[in-house]
Amino acid sequence: MRTETIALPSGAAITLRQISLKEENYLAGALRSRRANQDKVLVDVVNRCCQGFEEPGPYPWAEGGGKVNWQEMLQGDLIAAMIGLRKLSYREGKDYEIDVKCPNRVCNHKFGYIIDLDKDLFFQKLSEESARKLREDETFTVKIGGKTVHFKLGYVKDDQFHEKLEKRFPGRGMATMLRTQIVRIDEVDSKDMMNWLDGEGNGPYEGLLADDAEDMREAFFAVDCGVDTEVEVECSRSACGNVFNMDLPFEGMLSPGRTMARKRKMRRQTEMRDAGKEGSPKPPDAEPEADSETSSAD
Ligand SMILES: [Zn+2]
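Residues numbered from 1 in each chain as written. Predicted model: local features only at pLDDT ≥ 70, side-chain atom pairs only at ≥ 80, totals over all residues.

Moving on, we come to the packing of helix 1 (residues 21-32) against helix 2 (residues 38-48). Between helix 1 and helix 2, the shortest axis-to-axis distance is 10 Å and the interhelical angle comes to 175°. As judged from the angle between their axes, helix 1 and helix 2 are roughly antiparallel. Contacts between helix 1 and helix 2 involve E23, L27, A30 and L31 on the former and, on the latter, Q38, V41, V45 and R48. Within the contact of helix 1 with helix 2, the residues separate by chemical class into five nonpolar, one polar and two charged. (Axes fitted to C-alpha atoms, helices over the stretch in contact; angles between N-to-C directions. Helix = DSSP H or I, 4+ residues; strand = E, 2+ residues; numbered from the N terminus. Parallel < 35°, antiparallel > 145°, perpendicular 65-115°, else oblique. Contact = placed C-beta atoms within 7 Å. Nonpolar A, V, L, I, M, F, W, Y, C, P; charged D, E, K, R; others polar.)

Encoded structure:
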């Protein structure tokens, strides 16, 4: 079984072991189930394959090594760990095939597109200053719409908080996204923070302008670490050639992927065809061990 120490964008480093068939089965089952929380399942698999810290990075609770508590980690670290785990576990793991539908309305062509995880994604490391603030439990600030907004970086556990906000404030997606990272806003009552953001609900504010909101998102991103998961895709229909951006989907990130499945199938078909051509069955002492798929077991 292969293990590898992976440097995360925050500066922490963890050791991962490759995914076993047991986890692959668990994943496949969860992905088929409509009830399973897919994000939780992905965290679960990363967690099972994680053997602990090599470097605590900016996490004071990780000093002295020990178990990785993913909920207390930055989101960028989780994404980087997922990508690292994929590459460690599958021989062609750096190629990630995703389903794409061309957004050009006269085209709408559906096709599979391969993302090169080594080349097509941009990784941003946590700055020294941000790491210091994290260690000292300081908040970050940005001036927006004349007010000072105190915020924190994006943690894995924020997903749960965001879900709660979405339930409480349905249909206010942009504001709930921003609110998730805001700790407090100077001179704004905490119960009015959502109202200050988008002007909805009962409160004294009209809401932010779109470019103020954009400035806030930029400010959040500038001090955080992580992986820019927006990828550029070109429509595979040559008559269309539309180039567009999309968010990298994560559902298939820890599965072997169809590229491999398809290649395997093709290889098998070629082998069968070649065997047929020669008109002789495989010699009994050949193959299984030499087969590249079975030789990687450990
Ligand atoms: Zn198209």
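That was the structure; now back to the text.
Note that A7 resides in strand 1 (residues 3-7). Separated by 70 residues in the primary sequence, A7 and D77 have C-alpha atoms spaced 9.0 Å apart.

On to the nonpolar core. Generally speaking, soluble globular proteins have nonpolar side chains that are buried together. Of all hydrophobic cores here, the largest spans 32 residues; its most connected members are V46, A81, M82, L85 and L254. Looking at this core, the elements that each hand over two or more residues are strand 2 (13-17), helix 2, helix 3 (75-89) and strand 4 (95-101). Sorting elements by how many residues they give to this core places helix 3 first, with seven residues. Leave out the neighbours within four places in its chain, and L85 touches L16, I19, V46, C49 and L254. The next biggest cluster of nonpolar side chains, apart from the first, holds 14 residues, and it includes L178, I182, W196 and M216. (Core = buried A, V, L, I, M, F, W, Y, C linked by C-beta atoms within 7 Å. Buried ≥ 20, exposed ≤ 12 C-beta atoms within 10 Å, placed from the backbone.)

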